[in-house]
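Results of the structural survey
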Amino acid sequence: MYQVKQYSFLVLGTFIIALCFNLLQSPNQIASGGLTGASLVLGDVFHISSAIILWAATLVLLIGGSCFLGLHTILKNIIGSLLIPFFVYVTKEIPPLTHDPLLAAIYGGLGVGLGLAVVFRAEGNTGGFTLIAQILHKKKAIKHSTSIMVMDAAVMIAGGIVFSPEKALYALVGAFVTRLTMDYALRVQQKNSKVAYIISSVEFEKQISESILTELDRGLTKLSGSGGYTNNERIVMVTVLAPSKIATLRALVQDIDSHAFIILCEATEVFGEGFTQPVSPPKKLVSSNAI
């Protein structure tokens, strides 16, 4: 039942993203980054449907990702990666909601942000630039966030050149709204933070801990342990993170140690840096009659 729920969220989130692209962003030439924004720019340059470019780019990225990252990593990306171009193709004939670029940027950004939050709620991702970022991280040790930021900026600049500088500014507004919406939607889910127990070999301890600290910007605690069957020394790393970071955590850990064991648990309440602060105890009340 849990898997059905997760896949349902993944389908819903990718459908929302594709719908906002076709009804708002594409008709108004709002290229706010990502593979969809890149397909919009390339489609205008080469006079090809964005859906076709998305299909081609997605297949190339999945094949390239399987070569550089391994098949086990690609399997986690393949569903979200293929659903986006599928839904873009299915909904491409629906008439646009508006031809006002400002409205398209704001509401398109809002819809995409909501769709991404739903996808992350399903512990999935939409592939695209995420796959490129994973490859660059593995081969060149470039942070995921840095890679995606540079690629998104390149798409918006290209949109400004191909369409107009004004459209690039609208795209920037759309990207900003997407980020705000996604962050807000995920903060609402923050009470459902996850506790991750990562059990790995001692030789991978430094790499995994550094990836969690730098890529996820999360702290962690290390515990010593030993295998119950082999008695080999093992390291247990404990970290608390938002549901949206689970897919990234899995990719980071399995890129380093494909045999690592990851246990995820619900954290009903989390207090401390980066999470909800505990409520201070009320001060002793003084009756107004004492004045």
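Now for a look at the structure at hand. None of the values given here were measured: they were computed from a predicted structure.

The rules behind each value
Residues numbered from 1 in each chain as written. Predicted model: local features only at pLDDT ≥ 70, side-chain atom pairs only at ≥ 80, totals over all residues. Heavy atoms only, no water. Helix = DSSP H or I, 4+ residues; strand = E, 2+ residues; numbered from the N terminus. Contact = heavy atoms within 4.5 Å. Areas by Shrake-Rupley, 256 points an atom, 1.4 Å probe, with all protein chains shown as cover. Phe/Tyr/Trp six-rings, centres within 6.5 Å; stacked < 30°, edge-to-face > 60°. Pairing = 2+ DSSP bridges. Axes fitted to C-alpha atoms, helices over the stretch in contact; angles between N-to-C directions. Parallel < 35°, antiparallel > 145°, perpendicular 65-115°, else oblique. Left-handed = near helix turned anticlockwise from the far one by under 90°. Core = buried A, V, L, I, M, F, W, Y, C linked by side-chain atoms within 4.5 Å. Buried < 20%, exposed > 50% of the residue type's maximum accessible area, 1.4 Å probe, protein only. Expected span 1.5 Å × (residues − 1). Polar contact = N/O pair within 3.5 Å; in protein donor to acceptor, adjacent residues only side chain to side chain.

**Observations regarding the overall build of the protein chain**
- Across its full length, the protein chain holds 10 helices and four strands.
- Mapped in sequence order, the helices and strands of the protein chain form the string α-α-α-α-α-α-α-α-β-α-β-β-α-β.
- Restricting to contacts in the protein chain with at least 6 residues of sequence separation, those with at least 24 account for 75%.
- Accessible area of the protein chain: about 15900 Å², with a carbon and sulfur share of 65%.

**Regarding the packing of aromatic side chains**
- In the structure shown here, the tally under the stated rule is two aromatic pairs.
- On the numbers, 5.2 Å between centres and 85° between planes, the contact of Phe 15 with Phe 87 is edge-to-face. Of this pair, Phe 15 sits in helix H1 (residues 2-25) while Phe 87 sits in helix H4 (residues 71-90), and the two are 72 residues apart along the sequence.
- Taken together, the ring pairs in this structure connect Phe 15, Phe 86 and Phe 87 into an aromatic cluster.

**Some details on the sheet that holds strand E1 (residues 194-201)**
- Judged by pairing direction, the sheet is antiparallel, and its four strands sit side by side in the order E2-E3-E1-E4 without closing on themselves. Only two strands of the sheet have a single partner each, and these edge strands are strand E2 (221-226) and strand E4 (261-266). The average undirected angle you get between the axes of adjacent strands in this sheet is 25°.
- When E1 meets E4, the two strands line up antiparallel, connected through six bridges. Residue pairing for E4: Val 195 is matched across the bridge by Cys 265.
- Along the sheet, helix H9 (residues 205-215) makes contact with E1, E2 and strand E3 (233-241), crossing E3 at roughly 5°.

**Looking at the packing of helix H6 (residues 129-140) against helix H7 (residues 144-162)**
- Orientation of H6 relative to H7, taken along the N-to-C sense of each, is 130°, at an axis distance of 9 Å. Of the possible angle classes, the one that applies to H6 and H7 is oblique. The handedness of the crossing between H6 and H7 is right-handed. On H7, the residues that touch Phe 129, Thr 130, Ile 132, Ala 133, Gln 134, Leu 136 and His 137 of H6 are His 144, Ser 147, Ile 148, Met 151, Asp 152 and Val 155.

**Observations concerning the nonpolar core**
- Residues Val 88, Leu 116, Phe 129 and Leu 131 are the most contacted members of the largest nonpolar core, which totals 36 residues.
- Elements with a minimum of two residues in this core: H1, helix H2 (34-46), helix H3 (50-68), H4, helix H5 (101-121), H6, H7 and helix H8 (165-188).
- Counting residues per element, this core draws most heavily on H1, which supplies six residues.
- In contact with Leu 116, not counting residues within four places along its chain, are Ile 17, Thr 126, Thr 178 and Met 182.

**What to know about H7**
- For H7, with 19 residues, the first-to-last C-alpha span of 27 Å sits near the 27 Å given by 1.5 Å per residue.
- Residues His 144, Ser 147, Met 151, Asp 152, Val 155, Met 156, Gly 159 and Gly 160 constitute the buried set of H7.

**Side note on unusual backbone geometry**
- Despite not being glycine, Gln 29 shows a phi value in the positive range, around 55°.
- Within the fold, Gln 29 resides in the loop between H1 and H2.
- Look at Asp 217: it is not a glycine, yet its phi comes out positive at around 55°.
- Along the chain, Asp 217 falls in the loop between H9 and E2.

**Some words on the side chain of Ser 200**
- With respect to the element layout, Ser 200 can be found in strand E1.
- In this structure the side chain of Ser 200 is engaged in a polar contact, spanning 2.7 Å, whose partner is the side chain of Asp 257.
- If near-sequence neighbours (up to four positions away) are discounted, Ser 200 is found in contact with Ile 208, Arg 234, Ile 235, Met 237, Asp 257 and Ala 260.

**Some words on the pairing of E1**
- In terms of burial, E1 is a largely internal element, six of the eight residues being buried.
- Relative to E3, E1 is paired through eight bridges, and the arrangement is antiparallel. By the bridge assignment, Tyr 197 is partnered in E3 with Val 238.

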